[in-house]
Amino acid sequence: MSVKFSRRTFFKATGAATAGITAAVTLPKVFQSWAEGAGQQDMKPIPTFCELCFWNCGLIAKVENDKVVKIDGNPLSLRGRGRLCGRGNAALGALYDPDRLKYPLINIGKRGEPVWKRSTWDEALGLIARKMHAIKEQYGTEALAMMYHGTGSSFWKHLLHAYGVSTFAAPSFAQCRGPRDIGFMLTFGSDVGSPEYYDFSRSKYIVLLGSHLGENAHNSQVQDVVKGFSSGAKLTVVDPRLSNIASKADRWLPIRPATDLALLLAWIRIVIEEGLYDKEYVAKYANGFDELRAAVQPYTPAWAENETTIASDVIVDVARELGRYAPNVCIGAGRYSTWYGDDTQRARAVAILNALLGTWGREGGYFLPPSGKVPEYPGLPAYPEPGEGPKLDAAYPFAMLQTTTSIRQTTITAQPHPIKAWFLYGTNLMKTVPDKQETIKAIQNLDLLVAIDVMPVDIINYADVVLPECTYLERYDNINVGMFKGEVEIALRQPAVQPFWESKPSWWITRELGGKLGLAEFFPWKDGEEYLAKRCQAGEIDFAQLKRDGVIIQKGSAPYISADNQPEFGTPSGKIELYSKQLADKGFDPLPTYTRHPTPPAGYFRLLFGRSPLHTFSRTTNNFMLDDLQKENALWINTKKGRELGLKNGEYVSLVNQDGLIANGRIKIKLTQRLRDDAVYMNHGFGVHAKGMTRANGQGIADDDLISKPAIDPIMGGTAMRGNFVKIVKGA
Ligand code: MGD
Ligand code: SF4
């Protein structure tokens, strides 16, 4: 299942790639119609890809007089297919934000109460290098850690690996996708990818559990669902809130929060007991069916109705619909999945239901992902063997990545080893990892905190050194490889304009810091372009074409199971593991079992949160184009319930959680019938408290202010964030 590069392409590529380093970008035919459009003749199109969220859609920056004046979607991009979402269209708001970080800064005040001194790059990087050496000498490289989010992080990981560092964590694992990926890995031996391997455009029946497609604006995926609809696909959405996608569904199941596992187990039971599962598929590819059947016996539809509040006949009807349309069914795995602490087991239940219906490797279900990668830069020295490293996450045997919370805990306790330096690349920990006070406590134990960012967000105030990265429209970044149905996309980020002020790209910052650390041999490239050209050359990829088109699409392996295309499951047994021996061996339930979670005490509501279609976490809240469209978040509350409490639309309130935590700021009420009456809902990412963010500062409330004592998923260490209850306080 690997991507094939022909000999012919190789010869074409090697010649053209060298030429491509200096060649001017010529206009590909596919972009010409736009260039001929009114007023656009003089614009130079530079294809690159978006970083306003991690779908990374291809875009064309239109440049006039060395200024980006317009952004369009790149029709060649598989992630966007020529379209951009509202956020992607606001690229100019990110590029021209006057609040951007402009110069390297050194904090000569206290962490949390900074006094900034403008510095040169040489001084800032020199200071970092000296502190790194001192920490390494006293504690070893185990004392350095990095937390990251975003494309440019790869240069930082390269630098720190070259220095011997082994502690890396991304909130996108333990605060987001980790449980679903581990749940699917344990079952199918594969995660579900990003973009996910959903074949929505061919689905006959789609089920979404709490994933609000459209509001989370995953570009090509939304387009696929719409294509599915136009071919008659049915949709069931399980969500306590009538999300936008739920409003387009055939069935909306307004489930009681925290009970999705009950619904899934009941569906599994019905599918088995009514013989609706794909018997041939299960017999051939899966093991543990008998154990599963025995384990789900208690989960009757009537029992599930009691837990979920969804009528038992509706539960049965949906299960029968699943059986009728199988295997052209896709039960989505979701994305943000750190909900209630038993999240890996919930993901396992989703995976098991898909397996019973035979959806993996089938049209309209999950396609079999192709594989493809671009070789690393040739001839680099091997990384040094990292030191022993603190045994983070030892308690969570399936934490395949280290977790942010374990780095924080180890920094506080110095057990099993001190951590004395944090490198934060593109991650605003104050908004991302719950329990801010713990983060602040950990930061006080550090000898060095370096933040590499584009904006003066909340966490910047705690940094010792701030390194201003230029935005994605001003830089080369690493190559982005995406797996699509039968195709592999190789995408290039290249600068449309030179970096503003003294901001710099990460390939440059890390190369300079590498030089100061004595690691120059790990950074032999003249610049970002040469680095990319060499990698492409090593992978027989036509760099000139990549520069011109922004993407190169390679043919991948066949997406569906057939007689000559048999699936490979990367589990220990080589089969789909309905019963997980891996879990049993580590002392966990080998089959998902239901645990009842607490319900809100009297006077409180469960706090739910989700993405706004116009913002990505806190990273876009200061963008003037998006701020114009949505300045702050609102607190959704069921109209009847709100009226009982005497609340009015647009009235500002404050919020306190079950442990007495009071959210900083105030939020306005939105009375709506689109929500159950036991929960409230808000968009995540608002409630920024950073003076430098002049538009975002103090707008709305942060859900993360109200998250305390998050449950930890014992299997992979994820921090569950939906177990909190809030009380509404009038008169804010
Ligand atoms: P972002 O908020 O996207 O990611 O949380 P984070 O990892 O913090 O970006 C944070 C920083 O990236 C911002 O400071 C922004 O200015 C900076 N940035 C933007 N572009 C660039 C760039 O090009 N270069 C650099 N160096 N910096 C850049 C996301 C995380 O949060 C995730 S993935 C999820 S799914 C979770 N969601 C979530 C939630 O919904 N609710 C709560 N309460 N917590 C959550 N935590 C998780
Ligand atoms: Fe950018 Fe929107 Fe695509 Fe995300 S979905 S990469 S914000 S255009």
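For the structure itself, look to the data block above.
Below is a short write-up of the structure. Values in this document were obtained by computation on a predicted structure and should not be read as measured data. (Residues numbered from 1 in each chain as written. Chains lettered and ligands numbered in written order. Predicted model: local features only at pLDDT ≥ 70, side-chain atom pairs only at ≥ 80, totals over all residues. Heavy atoms only, no water.)

1. Details of the sheet that holds strand E8 (residues 205-209)
As a reminder, the rule being used: Think of it this way: DSSP has to see at least two bridges between two strands before they count as a pair. In this description a helix means any DSSP run of H or I spanning at least four residues, a strand means any run of E spanning at least two, and both kinds are numbered starting from the N terminus. To obtain each axis, a line is fitted to C-alpha atoms, and for helices this fit is confined to the stretch in contact; angles are then taken between N-to-C directions over 0 to 180 degrees.
Taken together, four strands build an open sheet; the order of strands is E10-E9-E8-E12 and the sheet is parallel. The open sheet has two edge strands, strand E10 (251-253) and strand E12 (329-331), and neither has a second partner. The sheet shows a mean angle of 10 degrees between the axes of neighbouring strands, taken without regard to direction. Where E8 and strand E9 (residues 234-238) come together, five bridges link them in parallel fashion. The partner of Ile 206 across the bridge, within E9, is Leu 235.

2. A short note on the packing of helix H8 (residues 260-273) against helix H13 (residues 343-356)
Let me state the cut-off plainly: In this scheme, roughly parallel covers angles under 35 degrees and roughly antiparallel covers those over 145, while 65 to 115 is roughly perpendicular and the rest are oblique. Handedness of a helix crossing follows the sense of rotation of the near helix relative to the far helix, less than a right angle counterclockwise being left-handed and clockwise being right-handed. Residues are treated as being in contact if the distance between any of their heavy atoms lies within 4.5 Å.
Remark: H8 packs on H13, axes separated minimally by 10 Å, with the N-to-C direction vectors making an angle of 25 degrees. By the criterion of interaxial angle, the relationship of H8 to H13 is roughly parallel. Viewed along their axes, H8 and H13 form a crossing whose handedness is left-handed. Listed contacts from H13 to Asp 260, Leu 261, Leu 264, Trp 267, Ile 268, Val 271 and Ile 272 of H8 are Gln 345, Arg 346, Ala 349, Val 350, Ile 352, Leu 353 and Leu 356.

3. Regarding the environment of Gly 109
Heads up, the rule is: When accessible area is computed with a 1.4 Å probe and restricted to protein chains, residues below 20% of their type maximum are described as buried, those above 50% as exposed, and intermediate ones as partly exposed.
Mapped onto the fold, Gly 109 is located in the loop between strand E4 (105-107) and strand E5 (116-118). Exposure remark for Gly 109: the relative accessible area of 32% places this residue in the partly exposed category.

4. Remarks on unusual backbone geometry
Omega for the peptide link from Ser 194 to Pro 195 comes to -5 degrees, which places this bond in the cis form. For Pro 195, the position within the fold is in the loop between helix H6 (171-188) and E8. Backbone torsion omega between Gln 415 and Pro 416 reads 0 degrees, so that peptide bond is classified as cis. Within the secondary structure, Pro 416 sits in the loop between helix H14 (404-413) and strand E13 (421-425). Non-glycine residue Asn 56 carries a positive phi angle of around 55 degrees. Unusually for a residue other than glycine, Ala 258 sits at a positive phi of about 80 degrees.

5. Details of helix H7 (residues 219-230)
Selection rule: Multiplying 1.5 Å by the helix residue count minus one yields the expected span of that helix.
With twelve residues, H7 should cover 16 Å at 1.5 Å per step; its first-to-last C-alpha distance of 17 Å lies within 8% of that length. Here H7 has its buried residues at Asn 219, Ser 220, Gln 221, Gln 223, Asp 224, Val 225 and Gly 228. After H7 finishes, the residue Gly 232 shows a positive phi value of roughly 95 degrees.

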